[in-house]
Amino acid sequence: MYRKYVVNVEKEAGYRVSSPFNRTIKHIFAPDVRGVQELTFSQVTIPARGKTDAHTHDRGEIIFVTSGWGEVSMEDEVYELELDFAIWIPKGVKHALTNTRSEFLKIVTVFVPAYEAAELESIILKRTELTS
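Only a predicted model underlies this, so the values are computations on that prediction, with no experimental measurement involved.

Draft legend 1. Highlighting the overall build of the chain. Each helix and strand counted, the chain has one helix and nine strands in total. For the chain, the α and β elements follow one another from N to C terminus as β-β-β-β-β-β-β-β-β-α. In terms of C-alpha radius of gyration, the chain reaches 14 Å, essentially the compact-globule figure of 14 Å for 132 residues. Taken along its principal axes, the extent of the C-alpha atoms in the chain is 45 × 30 × 25 Å. Buried positions account for 42% of the 132 residues belonging to the chain.

Draft legend 2. Spotlight on the pattern of salt bridges. Here the structure, examined in full by the defined rule, presents five salt bridges. We note a salt bridge from D53 to R127, for which the minimum N-O separation is 2.5 Å. Linking D53 in the loop between β3 (40–46) and β4 (61–67) with R127 in helix α1 (residues 117–131), this pair joins segments that are 74 residues apart in sequence. What makes R127 buried here is its relative accessible area of 15%. Two residues, D58 and R59, come together in a salt bridge whose shortest N-O distance is 2.8 Å. What makes R59 buried here is its relative accessible area of 14%. Among the ionic contacts, a cluster of salt bridges with common partners joins R23, D53 and R127.

Draft legend 3. Structural view of a nonpolar patch on the surface. Side chains of M1, Y2 and Y5 sit close together on the surface and give an oily, nonpolar patch of about 420 Å² of accessible area. Its place among the elements puts M1 in the segment before β1 (15–17). Judged by its relative accessible area of 81%, M1 is exposed.

Conventions and cut-offs
Residues numbered from 1 in each chain as written. Predicted model: local features only at pLDDT ≥ 70, side-chain atom pairs only at ≥ 80, totals over all residues. Heavy atoms only, no water. Helix = DSSP H or I, 4+ residues; strand = E, 2+ residues; numbered from the N terminus. Rg over C-alpha atoms; globule rule 2.2 N^0.38 Å. Buried < 20%, exposed > 50% of the residue type's maximum accessible area, 1.4 Å probe, protein only. Salt bridge = Lys/Arg side-chain N within 4 Å of Asp/Glu carboxyl O. Patch = residues over 30% accessible without salt bridge, like charges linked within 9 Å, V, L, I, M, F, W, Y side chains within 5 Å. Areas by Shrake-Rupley, 256 points an atom, 1.4 Å probe, with all protein chains shown as cover.

Now the structure itself:
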């Protein structure tokens, strides 16, 4: 009954965001992924020296670093990140992540209320097309 909620994330399919904002995103739990209505939980892998585009969301986001080092910019402030750092990004705050090392930076993200994974993928891919 609960098997669908126990996930080996390494084996999950994801999608790639193209250069210059290279990263791989795997949506693990969402209303349209395993029927989790309450939140969206994703893993993001940013390659060496990679970065995300500066962007905002219409809801808050939790980011948790699971491996690697980097920086998060929130509006005009920049903070260093490493393993086991947690970040709360309030809704509407412009932010971006940068991998500052030669290893992968892996994070997990949580959105509450949930995005549909398909909606979030569409937003991310459309936004990065416009800014690249």
